[in-house]
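# A structural walkthrough
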Amino acid sequence: MTTMARARPPSVDRILGILAAEQVEVSERDALVALVRDVLEEERQRLAAGAPPTPDGELADAVTDRLDRLDDPELTIPPHVINATGVILHTNLGRSPWPRAARLAAVAAARSYGYLEFDPESGRRGQRFRAGEDHLVAMTGAEDALVVTNNAAALALAVGLAGRRGAVVVSRGELVEIGGGVRIPDVLARAGVRLIEVGTTNRTRAADFEAPLAAGAARVVLRVHPSNFAIRGFTESADLAEVAAIAHEHGAIVVDDLGSGALLDTALFGLAHEPTPSERLAQGADLVLFSGDKLVGGPQAGLVVGRADLVERLRRDPLARAVRPDKAILAAVAATLAVYRAGRAALDIPIWQLIAREPAQLRARAEWIVGTAAGATGRSDIDIVDLESPVGGGSLPGQVLPSVGVAVPFASAARAAATLRSGPDRILARIIDDAIVFDLRTVAPFDDGTIVRRIGELAAPRR
Ligand SMILES: *Cc1c(COP(=O)(O)O)cnc(C)c1O
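All of these numbers come straight from a predicted model, not from anything done at the bench. (Residues numbered from 1 in each chain as written. Predicted model: local features only at pLDDT ≥ 70, side-chain atom pairs only at ≥ 80, totals over all residues. Heavy atoms only, no water.)

### A look at the pattern of salt bridges
Taken as a whole and judged by the stated rule, the model has 30 salt bridges. A salt bridge links Glu74 to Arg426; the shortest N-O distance between them is 3.1 Å. Of this pair, Glu74 sits in helix H4 (residues 73-76) while Arg426 sits in the loop between helix H18 (413-421) and strand E15 (427-432), placing them 352 residues apart in sequence. Since its relative accessible area comes to 45%, Glu74 is described here as partly exposed. Owing to a relative accessible area of 15%, Arg426 belongs among the buried residues under this scheme. Each of Arg130, Asp134, Asp144, Glu312, Arg315 and Arg316 takes part in a single network of salt bridges with overlapping partners. (Salt bridge = Lys/Arg side-chain N within 4 Å of Asp/Glu carboxyl O. Helix = DSSP H or I, 4+ residues; strand = E, 2+ residues; numbered from the N terminus. Buried < 20%, exposed > 50% of the residue type's maximum accessible area, 1.4 Å probe, protein only.)

### Let's talk about the site of the ligand
Around the ligand sit 13 residues in total, of which Ala152, Ser227, Asp257, Ser291 and Lys294 are the nearest. Here an oxygen atom of the ligand and a backbone polar atom of Asn151 are 3.0 Å apart. The backbone of Ala152 places a nitrogen or oxygen atom 2.8 Å from an oxygen atom of the ligand. Here the ligand loses 92% of its free accessible area of 380 Å² to cover by the protein chains. When contributions to the shell around the ligand are tallied by element, the ones reaching two or more residues are helix H7 (151-159) and strand E10 (253-259). Residues that form the shell around the ligand fall into these classes: three nonpolar, seven polar and three charged. (Near = heavy atom within 4 Å. Polar contact = N/O pair within 3.5 Å; in protein donor to acceptor, adjacent residues only side chain to side chain. Areas by Shrake-Rupley, 256 points an atom, 1.4 Å probe, with all protein chains shown as cover. Nonpolar A, V, L, I, M, F, W, Y, C, P; charged D, E, K, R; others polar.)

### A short note on a negative patch on the surface
The grouping of Glu22, Glu58, Asp61, Asp65, Asp68 and Asp71 at the surface amounts to a negative patch. In this structure, Asp65 sits in helix H3 (residues 56-70). For Asp65, a relative accessible area of 45% puts it in the partly exposed group. (Patch = residues over 30% accessible without salt bridge, like charges linked within 9 Å, V, L, I, M, F, W, Y side chains within 5 Å. Lys, Arg positive; Asp, Glu negative; His and termini not counted. Charge placed at Lys NZ, Arg CZ, Asp CG, Glu CD.)

### Observations concerning the sheet that holds strand E13 (residues 383-390)
Picture the strands of a sheet paired through backbone hydrogen bonds; they go either parallel or antiparallel. With respect to topology, five strands assemble into an open sheet ordered E1-E15-E16-E14-E13, the strand pairing being mixed. Pairing within the sheet leaves two strands with one partner each, and these edge strands are strand E1 (82-84) and E13. Here the strands of the sheet are splayed against their neighbours by 40° on average, with no regard to which way each runs. One ladder, built from three bridges, connects E1 with E15; its direction is parallel. From the neighbouring strand, Asn83 faces E15, where its bridge partner is Leu428. Contacts from helix H17 (residues 359-377) reach E13 and strand E14 (400-409) within the one sheet, and its direction differs from that of E14 by about 5°. (Pairing = 2+ DSSP bridges. Axes fitted to C-alpha atoms, helices over the stretch in contact; angles between N-to-C directions. Contact = heavy atoms within 4.5 Å.)

### Considerations on unusual backbone geometry
Outside of glycine, negative phi angles account for most residues, and trans bonds account for most peptide bonds. The backbone phi angle of Arg165 is positive, close to 60°, even though this residue is not glycine. Within the element layout of this structure, Arg165 appears in the loop between H7 and strand E5 (167-171). Judged by relative accessible area, Arg165 falls into the exposed class, the value being 64%. The phi dihedral of Asp433 falls on the positive side, at around 55°, and the residue is not glycine. Along the chain, Asp433 turns up in the loop between E15 and strand E16 (435-439).

### Observations concerning the side chain of Thr54
With respect to the helices and strands, Thr54 occurs in the loop between helix H2 (29-48) and H3. At 2.8 Å, the side chain of Thr54 and the side chain of Glu43 are in polar contact. Thr54 has contacts with Glu43, Arg46 and Leu59, leaving out every residue within four places of it along the chain.

Shown next as structure tokens:
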């Protein structure tokens, strides 16, 4: 070939011929053709940029590499990372790790057919599988329950009870952003309901709800739990029981968005008491909404408990179909709730195990890491540090758990952190001042060795 010849990529058929000779087999030829086209298009661009032509055999290899990568678990599963941030419910890391029972239930449900919405007695379509809902009813004393895809969906569904162009009354102290740019006023607007604001940012009294409800301007009061922030100082929030009494007197209902919604008493773990769904129902909420993957510690889900007629209206809402969980999630939710019902949550739900870890245990592990890493690197500036970790995930604002970590100073902690975040043994750590800090509360003990090894790789011995 002369240097002047305008090189062109080989034909699709030419590469398919090589692949056939190599006995690369697929059942859908179109899929293979699409991959070949992608590789040839990239080759065309390289040639146009003046690069030398790639041999045809190598182009065929590029196609088989791509085929192999399509079933590489590293590329199909969100990459595993060791969470050394100390934040137990880290929304960007997938919040709650699932209890073992939930993992097994999801796999079993996914593997085969099951009576998901089928009545074996009559041989016809039946009620949708509701073991999780039955557990919720049994544990909260609610008349009925409903499981949807997440709590934001539960909220969108519940405010629809106001009816199209109906109104929802909300305290100005609770017009919050839930997270990720999702704001309560926007959720209401999207649901097509009007917002009636009462009270002020720092103070709202039960009496503030009286006027719009007495005038019949709204049929729904929405309460949003301040799950990701705290207002301090000259503050007052309306008592739920009083608001519920006023609402009921005027024929309105109270929807209580609890956010994290604990089913165990957080005070047992040295944290402030987080209101439980049953307490809120007892105080007069008609519906209580909470997440499955915050302080419940299971799969992502929106859990709704409350009055049977209202739950039934939600179930019949066409939007319910759009926010209906998959069978594997329903199975995992039921398995998670069964752990609570069996009285084993503190033992078997991972987030409670993490919350319950004692600083003394963490300190013993930190000592081992510091000793081993100091030995491997010859550095004497690797230290044990006392930390305070938030539970995270929009729960228990301002509350922290005492924790223990290992701090390793670096000239550029940001660069060291970036290196740690990549590689086959990814670690997400904290940066405090000039140091990388590994908070051990959220690290599994069997990952301590990986932390030592990665410190060794980053902090090479000083010569
Ligand atoms: C987290 C949160 C939500 C959203 O719940 P998801 O399960 O993440 O959809 C809604 N309301 C409150 C008060 C929350 O804290």
